[in-house]
Every structure is written in structure tokens, then in C-alpha cells.
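Coordinate analysis (summary)
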Amino acid sequence: MSAEALVATRAAGLAQLQAVLPRLGRAYAAGRNLDHGPGRPQAVSGLSPWIRRRLVTEEEVARAAVAAHGGAADKFVEEVIWRGYFKGWLERRPQVWSNYLRGRDADLERLARDAKLQARVAAAEAGRTGLACFDAFAQELVATGTLHNHARMWFASLWIFTLGLPWRLGADFFLRHLLDGDPASNTLGWRWVAGLHTRGKVYAATAANIAQYSGGRFAPRPEDIVTPAHGLEAEEPGGWPALQPLRALIAPQRDVPSLWLITEEDCGLTGLFPDSFAWRGAATLSASQLRSPRPVASRVATFEAAALRDAATRTGFPATELTANDPAALVACARDAGATQIVTAEVPQGPLRDWLTAAAPALAAAGITLAEWRRPWDATLWPFATAGFFKVRERIPRLLAEMRVA
Ligand SMILES: Cc1cc2nc3c(=O)[nH]c(=O)nc-3n(C[C@H](O)[C@H](O)[C@H](O)COP(=O)(O)OP(=O)(O)OC[C@H]3O[C@@H](n4cnc5c(N)ncnc54)[C@H](O)[C@@H]3O)c2cc1C
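The rules behind the values
- Residues numbered from 1 in each chain as written.
- Predicted model: local features only at pLDDT ≥ 70, side-chain atom pairs only at ≥ 80, totals over all residues.
- Heavy atoms only, no water.
- Near = heavy atom within 4 Å.
- Polar contact = N/O pair within 3.5 Å; in protein donor to acceptor, adjacent residues only side chain to side chain.
- Areas by Shrake-Rupley, 256 points an atom, 1.4 Å probe, with all protein chains shown as cover.
- Helix = DSSP H or I, 4+ residues; strand = E, 2+ residues; numbered from the N terminus.
- Nonpolar A, V, L, I, M, F, W, Y, C, P; charged D, E, K, R; others polar.
- Domains from an automatic or database assignment.
- Contact = heavy atoms within 4.5 Å.
- Buried area = accessible area lost by both parts, 1.4 Å probe.
- Phe/Tyr/Trp six-rings, centres within 6.5 Å; stacked < 30°, edge-to-face > 60°.
- Buried < 20%, exposed > 50% of the residue type's maximum accessible area, 1.4 Å probe, protein only.
- Axes fitted to C-alpha atoms, helices over the stretch in contact; angles between N-to-C directions.
- Parallel < 35°, antiparallel > 145°, perpendicular 65-115°, else oblique.
- Salt bridge = Lys/Arg side-chain N within 4 Å of Asp/Glu carboxyl O.
- Expected span 1.5 Å × (residues − 1).

1. Section: the site of the ligand
Around the ligand, a shell composed of 26 residues is seen, among which Tyr 28, Ser 45, Gly 46, Asn 149 and Asp 180 lie nearest. The side chain of Ser 45 places a nitrogen or oxygen atom 2.6 Å from an oxygen atom of the ligand. The contact in question runs from an oxygen atom of the ligand to an N or O atom on the backbone of Asp 182, over 2.9 Å. Starting from 820 Å² of accessible surface for the ligand in isolation, the protein chains cover 95%. Of all the secondary-structure elements, those providing two or more residues to the shell around the ligand are helix H3 (48-52), helix H5 (74-92), helix H9 (149-162) and helix H11 (183-194). Residue contributions to the shell around the ligand peak at six residues, all from H5. Class assignment of the residues belonging to the shell around the ligand gives a composition of 13 nonpolar, eight polar and five charged.

Here it is in C-alpha cells:
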């Protein structure tokens, strides 16, 4: 599907699910590693821009795939669960997100001072390094806002080990351009490639693997690609930082006058807030500009705005469109609606969570509570996202039964 064809509505996401559903069984498992390139048919679903905003939920796609293919959907369902695993993992180790931000800002400061680094990063982002496959992936990302999973792995590995560039600047480049850009999947995807996620394991792109899985598009020379002997130096002393308990949310109170706040963390609405609330109105909060201090691709903001509008329409209330900059606007919106409680689907670790945390004193001073609701899917999965994926994988049948997917 071309980037232009991506429509940020729940209806479009469901239509994409129906279109790809017949191939989410054996065909997905057999073909998911092959990247034929932009505009060509792929075995993967292309659903991530919708799933990332929960215009279509993980639960819905997993249920549809299992209903259509039974056990042959295992590989697809496992990949869907990787998303929740990464999200849960970052919830349990939020220090990894703050360390990423600190490190990224330090890398950006270094970039501003170091003209040579600037030139190398600019060449990589523009796809002008001379390494044909890498250059094509960079240009595809900027032109379309998407990239196949295998291409993301190759790209990140080449960025870090062959080009020797700071990994967080690569992660930042992805976040600024990916339509599905997600703080957990992106940060931990890059850390996984760099050898920072799974101890002793690094993802090394090889010439043979790229030639085999790029659909005959590229044939890099082995000597053009650096094979790392080991991953990057661990940033947190002693490996991963200590495991934290899941964040305790303030539960929404149904009788309190409430403003329904919609963010791109959850535009699904289906299955949200099982109780009826004393709704006084709705608001949307766009936040894609928070992804990076550098300019975020306009395609990302446009997709987010459309997703928020689509969700707002489905609440049945006229919604005020807010942007996450001055918290005073959110306070005023709640006050004008006569609400003393803002109710939203949980906002997990990432730039918007940070913004809401910073906005908390302004809300509290105005006597407004921010209540969040955790989806059962996350509540079931996240307690197990404490170590490597294997711990989750071995529980998938039980988790799916609990989530009533299989
Ligand atoms: C360096 C790197 C950065 C990444 N950054 C992001 C990101 O910002 N946002 C994002 O959604 N995914 C990210 N991924 C994961 C993965 O590449 C995309 O989810 C996938 O390419 C989306 O395409 P699809 O919908 O066709 O996937 P499919 O293969 O059809 O999978 C179905 C769904 O499962 C989930 N999924 C599949 N693979 C993964 C994975 N490895 N990790 C987490 N979830 C997965 C996605 O929600 C996806 O839509 C990253 C991977 C790497 C290696």
C-alpha cells in the first residue's frame, strides 16, 4: 500500500485488516522476512499505523487472524504480542526511556558542535552514503513514512556498526518519520539491534541476508558491511535498570463531571470505559511534535490529526482540538466544559506521558483529576514483560485464553 493510500480512520484500518486477513496464516509465516520494496506486494500486514493508535486494536487483529487461520496464525499473533511486550517492558523500566532522552539530547548537542558528524548524519538521512541498500531504505522512509521490519533491522545495524553513528540519532530519525513511530517499539527495537536489550545478542546485518531477503534488489559486498564482534557498551551499569512496579493509575469515577480526552495512544474507543460517565465534553490532544526536538515529518502530524478527528467523531460529542504545549489550554478546556475529571485511555511511557506528568501540577491546582484506564490486553500482558520475550512467548496460549482471543 502506498503512503498516500493510508487513511487514518478506524474504517480504513478495518478495511486493511479484511484485505490482508487471508494471508495472515501460513503465507505470513513463510514470507514475512522478505522485503520486496515500496509499492510491491508484501507478506506483512501493513497494519502498524492503525495498531499504533489503536484505531484497530491488537486484540481485534489477533482475534481475526486466529478465527481465520487457527494455529497457522501463531507467527502473526506472536509479532503482534511483541508490541505489547515492548510497551510493558518500558512501563516496567521507565528509566530506559529517560536515559534515551538524556542520551539523545547529548547526541544532538554533540551534533550541533561537530561538523564532521553533521555531514555524516545528513548523508545517512538523505540516503547519500554510497551503500545502495542503506540509501534506498533512508529514502523510502522519508518518502513514505514506513519501512518493512527487516529493512528497519538492516538499517539500524548498518547505521550503528557500519556507519558508526550514534544509535539514538538513528532512533530519532525513525521517530521523526515513521507513521507508526512508537516510543517503546522504536527505542527497544534500536536497543535490540545494538545489543543493549538482549544481553550478549546483537543484530548483525550481513550482505548475504540482505541479498536473500530484499527480493533481489540489492547485492552489497560483504566487505562493505561491518560485522560487530559485540554489541554496544551497556548504558545502565549492571545491565538493565531495576524493575519498577506498574504505574498505579487514578481510576475514573463515573459520577464526576468528566472531559473525555483522546490521544493518539488510543483512538479505538471500542471497549474503552465500560461504564457510562458523566460526560461534559471531549477533547483531542495532538502530540506528535513531542517525538523529537527536531522537526517531525508533516505526514506524521497529518496522520495523527486525522486519527484524532476520526476518534472524536465516534464519541458523539463535539471535541475541542488541543495541542500538547501549554497545559493551561487543557485546564481551560476542562473548566469550560464544567469537568473536574479528565478521563483518558492510559498514556504509556513516551513523550506524551512526560508532558502529562509535567502538566499534573497545573491540573491539580485547578482541582482537576487525570484518570486513566488500562485496557485488559495491557493489564494481562504487561506483568510478564519483565525480562526477555521468551518469558512472554511461552505464556502466549494462556494469555490468549485469558484475553478470550483463542
Ligand atoms: C529498529 C526498529 C524500530 C522499530 N520501530 C517501530 C515503531 O516505531 N513502531 C512500531 O509499531 N514498530 C516498530 N518496529 C517493529 C516493526 O518493524 C513494525 O511494527 C512492523 O514493521 C510494522 O509493519 P506491519 O504492520 O506490516 O507488521 P506485521 O509483520 O504485519 O505485524 C503485525 C503487527 O505486529 C506488531 N509488530 C510486528 N513486529 C513487531 C516488532 N518487532 N516489534 C513490535 N511490534 C511488532 C506491529 O503492531 C504490527 O503492525 C521497529 C523495529 C525495529 C527493528
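2. Here we look at the domain arrangement of the protein chain
The assigned domain composition of the protein chain is domain 1 (3-91 + 381-402), domain 2 (96-235) and domain 3 (258-373). Each of domain 1 and domain 3 was reduced to a C-alpha centroid, and the two centroids are 26 Å apart. The partner domain 3 presents 17 residues to the 16 residues of domain 1 that form the contact. Considering only the side of domain 1, the residues that lose the most area to domain 3 are Ala 8, Arg 52 and Arg 53, jointly responsible for 38% of the buried surface there. Of all the secondary-structure elements, those providing two or more residues to the side of domain 1 that touches domain 3 are H3 and H5. Split into classes, the residues belonging to the side of domain 1 that touches domain 3 amount to nine nonpolar, one polar and six charged.

3. Concerning the packing of aromatic side chains
Applying the stated rule across the entire model yields 24 aromatic pairs. When the ring of Trp 159 is compared with that of Trp 190, the centres are 6.2 Å apart and the planes differ by 85°; the resulting orientation is edge-to-face. Taken together, the residues span a long stretch of sequence, with Trp 159 in helix H9 and Trp 190 in helix H11 at a distance of 31 residues. Accessibility classification places Trp 159 together with Trp 190 in one group, the buried group. Feature note: the residues Phe 134, Phe 155, Trp 159, Phe 173, Phe 174 and Trp 190 constitute an aromatic cluster, connected by ring pairs.

4. Side note on the side chain of His 148
Looking at the element boundaries, His 148 is found in the loop between helix H8 (132-144) and H9. Ignoring sequence-local partners within four residues, the contact set of His 148 consists of Arg 32, Asn 33, Leu 34, Asp 35, Gln 42 and Val 44.

5. A word on the side chain of His 150
Its place among the elements puts His 150 in helix H9. Taking the relative accessible area as the measure of exposure, His 150 reaches 5% and is therefore buried. The contacts of His 150, once residues within four sequence positions are left out, are Asn 33, Tyr 203, Asn 209 and Tyr 213.

6. Quick notes on the packing of helix H4 (residues 58-69) against H5
It is the contact of H4 with H5, at a shortest axis distance of 10 Å, that shows an interaxial angle of 170°. As judged from the angle between their axes, H4 and H5 are roughly antiparallel. Residues Glu 58, Val 61, Ala 62, Ala 65 and Val 66 of H4 touch H5, and the partners they reach there are Phe 76, Val 77, Val 80, Arg 83 and Gly 84. Its residues placed into classes, the contact of H4 with H5 shows seven nonpolar, one polar and two charged.

7. What to know about the pattern of salt bridges
Taken as a whole and assessed by the stated rule, the structure comprises 29 salt bridges. The partner of Arg 375 in a salt bridge is Asp 266, with the nearest N and O atoms 2.6 Å apart. Highlighted residues: Arg 375 in the loop between strand S5 (369-373) and helix H16 (376-381) and Asp 266 in the loop between strand S1 (258-262) and strand S2 (279-286), separated in sequence by 109 residues. As far as the burial class goes, Arg 375 and Asp 266 line up, both buried. A salt bridge links Glu 372 to Arg 353; the shortest N-O distance between them is 3.1 Å. In this pair, Glu 372 sits in strand S5 while Arg 353 sits in helix H15 (residues 351-365), placing the two residues 19 residues apart along the sequence. Taken together, the shared-partner salt bridges connect Arg 54, Glu 58, Arg 83, Lys 87, Asp 182 and Asp 378 into one network.

8. A look at H15
Along its 15 residues, H15 runs 22 Å from first to last C-alpha, staying within 8% of the 21 Å computed at 1.5 Å per residue. Listed in full, the buried residues belonging to H15 are Pro 351, Leu 352, Arg 353, Trp 355, Leu 356, Ala 359 and Leu 363. The inward-facing, buried residues of H15 abut helix H6 (94-113), H11, S2, helix H14 (327-337), strand S4 (341-345) and S5. With its phi angle positive at about 75°, Gly 367 sits one or two positions after the end of H15.

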